[in-house]
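What follows is the residue order along each chain.
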Amino acid sequence: MLTIKNLESGYAQLRVLKNISLHVRPGEIVTIIGANGAGKTTLVHVVAGLLRPWHGELLFQGEDITHTSPEAMATLGCVLVPEGRQVFASMNVEDNLLLGGTTLRRARGTAAVREEMENQYVRFPVLAERRKQLAGTLSGGEQQMLAMARALMARPRLVMMDEPSTGLAPLIVQEIFTIIAQLRAEGNTVLLIEQNAKAALEVADRGYVLETGKIILQGKASELLANNDVQRAYLGREQIG
Amino acid sequence: MSPELFFQYLVAGITYGAVYAVVAIGFNIIYNSTGIINFAQGEFVMLGGMIAITFAQWLPLFWAISAAVAITMLIGALMELCCIRWLRNPGILQMLIITIGVSILLREAALHIWGEGIRSLPYFYGDAITAWTFGPVRLSPQVIWVLLACGCIVLALQAFFNRSALGREMRACAVNRTAASLCGIKTHNMVTLSFVLSAGMGAMAGCMISPITYTQYDSGASLALKGFTAAIIGGLGNSMAAVAAGLLLGILEAFSITVVPLAFQDAVAVTLLLLILFIKPHGLFGSSEAARLKAF
Ligand SMILES: Nc1ncnc2c1ncn2[C@@H]1O[C@H](COP(=O)(O)OP(=O)(O)O)[C@@H](O)[C@H]1O
Ligand SMILES: [Mg+2]
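This report concerns the structure included in the present document. Owing to the predicted nature of the structure, the values given are computational and were not obtained by experimental measurement. (Residues numbered from 1 in each chain as written. Chains lettered and ligands numbered in written order. Predicted model: local features only at pLDDT ≥ 70, side-chain atom pairs only at ≥ 80, totals over all residues. Heavy atoms only, no water.)

Details of the sheet that holds strand β2 (residues 14-24) of chain A
Residues and elements named next belong to chain A.
Then comes step 1: The strand order across the open sheet formed by four strands is β2-β1-β4-β5, and the pairing between neighbours is antiparallel. Whereas interior strands pair on both sides, the edge strands pair on one side only; in this sheet they are β2 and β5 (63-64).
Then comes step 2: In this sheet, β5 lies alongside strand β4 (residues 55-60) in antiparallel orientation, the contact comprising two bridges. Residue pairing across strands places F60 opposite E63, the latter belonging to β5.
Then comes step 3: Strands in contact with helix α1 (residues 40-48) are β1 (2-11), β2 and β4; relative to β1, the strand with the most contacts, it is inclined by about 115°. (Pairing = 2+ DSSP bridges. Helix = DSSP H or I, 4+ residues; strand = E, 2+ residues; numbered from the N terminus. Contact = heavy atoms within 4.5 Å. Axes fitted to C-alpha atoms, helices over the stretch in contact; angles between N-to-C directions.)

Here's what the structure looks like:
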């Protein structure tokens, strides 16, 4: 589905990503965990087309996406649920969802968008109750669900989620991860970026550990969960903090 | 003041105010999609008037105006395509200076094409002295035309932004451009579209006002100033408030004649603009909170 080879990128003079290689297969949940500032967001921004790669190769479904714009990536079926949700705050829930369906509308027409919106209301009943409410007035958890629903409106092949659980109450976090697991059960492919390593590894099939722009560990999620280094660096700290 | 005079001033104020409102909406549309004030907005107004006057020699008035609006929209699109789009990471200042440059260019071009002469479009119905009488009020048919046209423009624009998919996408770009591009919206095209719409608004205002004032190669500046004042009073970016602010400005201007000499009428807008900027920079109807929520 997604293949990244020897990727290097960053901002102006600052090289953030160093020689990153990873892949995501269809139907998998792959997680990338790492501390704050490791370069996780930078990585998904490069894939989403928001940031140019300096070097390396990016393939999505066998197609070269090294120089593809964010609009084109969405059209190809690779969508990002951005960090900090980024909902259209001054627009209502329904408008947000319809906007998420922009690429679907171009491909299949308005009826398909309406149908998909009803699917999302079934998946996120709380959004159905708030159809006409402005997105900016929703709670953090509801905004996260809206951001996810908006991305899913595109009927994507790959969903990338950047720290969907950050800043949310434990109960909501649990709900979010339940939904992610449910997405895989429906056959979706997910690239999950998380600081909450334990929850992410529990839901994922495979994982990569990113540290200061390099992948230092990779493997099956269950193996990473059991790995001593991971436990010390990412799981232990969570139990204390 | 006699009731007749009062209504006369009021009607004149509302008429001019409606045109200011349309110019203000033009400012707001580009402001919402790019974050800049388009200094060439006044030139769109002038071009609309000038082109319509030229075409009116050969075409019926309706078609002359339609052609003028269409051509001005094209110029707006070209302005964005040639001057703004290719900028990589356009800074606000950079874009501002470009619009000032385009404004000078358009004015000089108009001077070359049409010369310094003062022209005006014929009245849409009747002429300068035709009047309909309603009780104490005597109305020029042109006033009705202007109000009708402005009303239709505002309603059509509201419908476009709130009901159509394209309008929704434009709003999304104004609210959060990154998120809009992640939704697959072609944000560059939305910016072009905002220049097209804005140029169209300006051109229509130019055509409507031309019969009651005049059009000259540099007449855009004064209307742009009034429109800009209305946009600021309403709170930049908020078009419905701009309509109210435009009407308010027009009415204040009209009644100012009773207090200050006619020659100072233009000073009303500038005074009001400065006052607002000093006292309530987010606009009469806005707050700093609302200023961040852009609404067309
Ligand atoms: N827009 C930016 N401009 C310059 N440097 C940035 C920018 N965004 C992030 N960085 C830097 O890139 C590094 C990685 O950031 P990021 O990808 O956001 O990390 P993470 O998502 O893992 O917390 C950090 O050192 C950060 O300071
Ligand atoms: Mg991040």
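Now that the structure is up, let's keep going.
Considerations on the site of ligand 1
Residues and elements named next belong to chain A.
Then comes step 1: Looking at ligand 1, the residues that line it are Y11, L14, V16, A35, N36, G37, A38, G39, K40, T41 and T42.
Then comes step 2: Interatomic distance of 3.4 Å between a side-chain N/O atom of Y11 and a nitrogen atom of ligand 1.
Then comes step 3: With respect to ligand 1, the backbone of G37 contributes an N or O atom lying 2.7 Å from an oxygen atom.
Then comes step 4: Burial of ligand 1 by the protein chains amounts to 59% of its free accessible area of 560 Å².
Then comes step 5: Secondary structure elements with two or more residues in the shell around ligand 1: β2 and α1. (Near = heavy atom within 4 Å. Polar contact = N/O pair within 3.5 Å; in protein donor to acceptor, adjacent residues only side chain to side chain. Areas by Shrake-Rupley, 256 points an atom, 1.4 Å probe, with all protein chains shown as cover.)

Topic: empty space enclosed by the protein
Then comes step 1: A full pass over the atoms with the stated rule returns two cavities of 30 Å³ or more.
Then comes step 2: Approximately 90 Å³ is the volume found for the largest cavity.
Then comes step 3: Forming the boundary of the largest cavity are 13 residues, of which A:L80, A:R150, A:A151, B:L182 and B:C183 lie nearest the centre.
Then comes step 4: When contributions to the lining of the largest cavity are tallied by element, the ones reaching two or more residues are β6 (78-81) and α7 (140-152) of chain A together with α7 (177-182) of chain B.
Then comes step 5: Within the lining of the largest cavity, the residues separate by chemical class into 11 nonpolar, one polar and one charged. (1 Å grid on protein atoms, 1.4 Å probe; cavity = no way out; pocket = protein on both sides within 12 Å on 5 of 7 lines; lining within 4 Å. Points joined across faces, edges and corners; volume = space filled by probe spheres on them. Nonpolar A, V, L, I, M, F, W, Y, C, P; charged D, E, K, R; others polar.)

Some thoughts on the coordination of the magnesium ion (ligand 2)
Then comes step 1: The coordination sphere of the magnesium ion (ligand 2), as far as protein atoms go, consists of A:T41 (OG1), A:E83 (OE) and A:E83 (OE), spread over 1.9 to 2.7 Å. One end of the pair, A:T41, is in helix α1; the other, A:E83, is in the loop between β6 and α3 (93-100), with 42 residues separating them in the sequence. (Donors = N, O, S within 2.8 Å, 3.2 Å for Na, K, Ca; no water.)

Quick look at unusual backbone geometry
Residue and element names in this part refer to chain A.
Then comes step 1: Phi at Q86 takes a positive value of approximately 55°, unusual for a residue other than glycine.
Then comes step 2: With respect to the helices and strands, the residue Q86 is situated in the loop between β6 and α3.
Then comes step 3: What makes Q86 partly exposed here is its relative accessible area of 32%.
Then comes step 4: One non-glycine residue, E163, lies in positive phi territory at about 45°. (Buried < 20%, exposed > 50% of the residue type's maximum accessible area, 1.4 Å probe, protein only.)

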